[in-house]
Amino acid sequence: MFAGIILLLTFFQLESPRFYIKQGKREKALEVLCKLRGLPAHHPYVMNEISEMDVAYQEEMEATLGMGWKGLFKEILGIKRNAYRLFLTNLAQNMACWSGGSAITVYAPDLFTLVGITGQEQSLFSTVVFGVVKFVAAIICALFLVDMAGRKRSLIIGIVIQTVAMFYIAIFLNLVPIAENPDFVPSETQNRASTAAIAFIYISGVGWALGWNSGQYLLSSELFPLRIRGICSSITMAMHFICQYAVNRVLPEMLLEDTGLGPHGTFYFFGVISIVGGIWVWLFVPEAAGRSLETIDKMFDLPWYKIGLYGRKFAEEYDREQEAIYRDEKRDAGIVVSHNETA
């Protein structure tokens, strides 16, 4: 059903202006850009952005002149900035999958049983509610929160929420032997703790929607330059499905007491991976919100260990330099430019 909805909506989707630039259809690119920005074609913002696309495309053509598919792979893996981008997006897919978000969705009926839901009907109903919670949270986060808070901040906040949820569930399963003993009769206090554990499964879904569910895809869609974006995004998504299959395949083995980590150990594992992922995002993942592809490309001029912490500041300084150049050129031409127009 959802695949069909997406298919129908693609017919109403505007093509990327950069794609039209690549096809040599600059007027069409300008028309789409005006629609996206809600500005006329002669507006300085639109003129500056389309000029940046022109320049970036010409630079790409000069850099890849005469290159075949071997040259394309050489550019991806042989140029450090591109190889690092591919490393970032693929590691993000690993972190996202092994943090347990998608695996909890797949095995939700079994996991709800572990924390105290009894009966197949109740377990399936809880799973349906969990799916609805994740769906609604994903829509709200994708349309509003991610852009309001910023890519990196929303990713870290989501990971923190997911981490707290995972550790609560792990501690609950460690202290209350409800998972190992189906005949266990919990006390009133343990029943309240069980209810909280069920709630934290839902909360983990909200954290997943705000964090990794949005972040892992935004990274692959925003970090790569146009000439290598298609193939790098394909490699990244292949890694996503490999990791997703691996986690879903191994989770039943992880939940076993004798040969695996056990229920509480599995959630401890997810919590630790979430902590590692949060620290990694804070240190190494750049903030791309509000940045053009050309500005993002400039971020990767920095050494790899500075991109996450200082990339945004570096990009903002670059924007100020471009603004100053723009104003100087207009002043030399005798044109007065307002501050709002430059911004």
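In case you missed it, the structure is sitting above this.
Model, not experiment: these values are computed from the prediction. (Residues numbered from 1 in each chain as written. Predicted model: local features only at pLDDT ≥ 70, side-chain atom pairs only at ≥ 80, totals over all residues. Heavy atoms only, no water.)

In contact at an axis separation of 9 Å, helix H10 (residues 151–175) and helix H12 (residues 212–222) are set at 150 degrees when each is read in the N-to-C sense. What the angle tells us is that H10 and H12 run roughly antiparallel. Seen from above, H10 lies across H12 with left-handed handedness. Where H10 approaches H12, its residues Arg151, Leu155, Ile159 and Gln162 are matched on the opposing element by Trp212, Gly215, Leu218 and Glu222. Considered class by class, the residues forming the contact of H10 with H12 number four nonpolar, two polar and two charged. (Axes fitted to C-alpha atoms, helices over the stretch in contact; angles between N-to-C directions. Helix = DSSP H or I, 4+ residues; strand = E, 2+ residues; numbered from the N terminus. Parallel < 35°, antiparallel > 145°, perpendicular 65-115°, else oblique. Left-handed = near helix turned anticlockwise from the far one by under 90°. Contact = heavy atoms within 4.5 Å. Nonpolar A, V, L, I, M, F, W, Y, C, P; charged D, E, K, R; others polar.)

Structurally, Ile104 can be placed in helix H7 (residues 101–106). Note on Ile104: relative accessible area 3%, which makes it buried. Separated by 148 residues in the primary sequence, Ile104 and Pro252 have C-alpha atoms spaced 11 Å apart. Those residues in contact with Ile104, other than ones at most four positions away along the chain, are Leu111, Phe130, Met166, Ile201, Ser204 and Phe267. (Buried < 20%, exposed > 50% of the residue type's maximum accessible area, 1.4 Å probe, protein only.)

For the rest of this paragraph, the subject is the environment of Thr118. Residue position: Thr118 is located in the loop between helix H8 (108–114) and helix H9 (120–149). A relative accessible area of 54% means that Thr118 is categorised as exposed. On a C-alpha basis, the gap between Thr118 and Arg85 in space is 46 Å, while along the polypeptide they are 33 residues apart.

Time to look at the pattern of salt bridges. As enumerated under the stated definition, the model contains six salt bridges in all. Salt-bridge contacts for Glu31 lead to Lys28; the nearest nitrogen and oxygen are separated by 3.9 Å. Of this pair, Glu31 and Lys28 both sit in helix H3 (residues 26–37), three residues apart, which is roughly one turn of that helix. Accessibility expressed as a relative area gives 37% for Glu31, which makes it partly exposed. As a salt-bridge pair, Glu31 and Lys35 come within 3.6 Å of each other at their nearest N and O atoms. Taken together, the positions of Glu31 and Lys35, both in helix H3 and four residues apart, correspond to about one turn of that helix. Residue Lys35 is classed as exposed on the basis of its relative accessible area, which comes to 52%. (Salt bridge = Lys/Arg side-chain N within 4 Å of Asp/Glu carboxyl O.)

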